[in-house]
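Descriptive analysis of the structure
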Amino acid sequence: IAFGEFALTVRSPLGLEREEVVLRAFEQLCAVAGADPRVGIVLRDIARQYDAAFHPQVQEGRATSGQVLAAYLRGFDKDESEVVSVDEFVDYYAWLSW
């Protein structure tokens, strides 16, 4: 069994309060980028808002800002469309919940 399938089965759903925070963050990202939240936000617009220089791996010299940013963005865009839907955004943060 693949880890991803296993994790999807056993993880708890995103709590309502946390989901509301994630949805507000998505809406704010869309507003800053001038994107329609019903359509999604382009990855490059998320990248503009994320400063990887403060990530622990960058601070410790184990990764570059570019490497951390690329890994961060890959976590969102599961269908590789370059546009992150609200469902993809919520799903990313749901993975961090368990």
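Preceding this paragraph is the structure being described.
Worth saying up front: this structure is predicted, and the values here are computed from it rather than measured.

A word on unusual backbone geometry
- Positive phi values are uncommon outside glycine, yet Glu80 reaches one of about 55°.
- A relative accessible area of 69% means that Glu80 is categorised as exposed.

Things to note about the side chain of Glu88
- Note on placement: Glu88 falls in helix α6 (residues 86-95).
- No salt bridge is formed by the buried Glu88; the nearest opposite charge belongs to Lys78, separated by 8.2 Å.
- Within the local environment of Glu88, its side chain forms a polar contact with the backbone nitrogen of Asp79, the two atoms lying 3.3 Å apart.
- Ignoring sequence-local partners within four residues, the contact set of Glu88 consists of Phe76, Asp77, Lys78, Asp79 and Val83.

Description of the pattern of salt bridges
- Applying the stated criterion across every chain, the model contains 3 salt bridges.
- Between Asp36 and Arg38 there is a salt bridge whose closest N-O contact spans 2.9 Å.
- We note a salt bridge from Arg62 to Glu60, for which the minimum N-O separation is 2.8 Å. Neither residue differs from the other here; Arg62 and Glu60 are each classed as exposed.

Re the nonpolar core
- Membership of the largest hydrophobic core comes to 18 residues, with the highest contact counts inside it found for Ile41, Ile46, Tyr72, Phe76, Val84, Phe89 and Tyr93.
- Elements with a minimum of two residues in this core: α2 (16-33), α3 (43-49), α5 (65-74) and α6.
- In terms of residue count, α6 provides more of this core than any other element does, 5 residues in total.

A closer look at the packing of α2 against α6
- At a minimum axis distance of 10 Å, the contact between α2 and α6 shows a crossing angle of 130°. With respect to their mutual orientation, α2 and α6 come out oblique. Here α2 and α6 pass one another in a crossing that is right-handed. Only Val86, Phe89, Val90 and Tyr93 of α6 make contact with α2, whose side of the interface consists of Arg18, Val22, Leu23, Ala25, Phe26 and Leu29.
- Here the contact of α2 with α6 is composed, by residue class, of 9 nonpolar, no polar and 1 charged.

Focus: the environment of Asp77
- Relative to the helices and strands, Asp77 resides in the loop between α5 and β2 (83-84).
- For Asp77 and Phe89, which are 12 residues apart along the polypeptide, the C-alpha to C-alpha distance reads 8.3 Å.
- Other than its neighbours up to four places away in sequence, Asp77 contacts Leu43, Glu82, Val83, Val84 and Glu88.
- Of the polar contacts made by the side chain of Asp77, one reaches the backbone nitrogen of Glu82; its length is 2.7 Å.

Each value, and the rule that gives it
- Residues numbered from 1 in each chain as written.
- Predicted model: local features only at pLDDT ≥ 70, side-chain atom pairs only at ≥ 80, totals over all residues.
- Heavy atoms only, no water.
- Buried < 20%, exposed > 50% of the residue type's maximum accessible area, 1.4 Å probe, protein only.
- Helix = DSSP H or I, 4+ residues; strand = E, 2+ residues; numbered from the N terminus.
- Lys, Arg positive; Asp, Glu negative; His and termini not counted.
- Salt bridge = Lys/Arg side-chain N within 4 Å of Asp/Glu carboxyl O.
- Polar contact = N/O pair within 3.5 Å; in protein donor to acceptor, adjacent residues only side chain to side chain.
- Contact = heavy atoms within 4.5 Å.
- Core = buried A, V, L, I, M, F, W, Y, C linked by side-chain atoms within 4.5 Å.
- Axes fitted to C-alpha atoms, helices over the stretch in contact; angles between N-to-C directions.
- Parallel < 35°, antiparallel > 145°, perpendicular 65-115°, else oblique.
- Left-handed = near helix turned anticlockwise from the far one by under 90°.
- Nonpolar A, V, L, I, M, F, W, Y, C, P; charged D, E, K, R; others polar.

In short, geometric facts, not functional conclusions.
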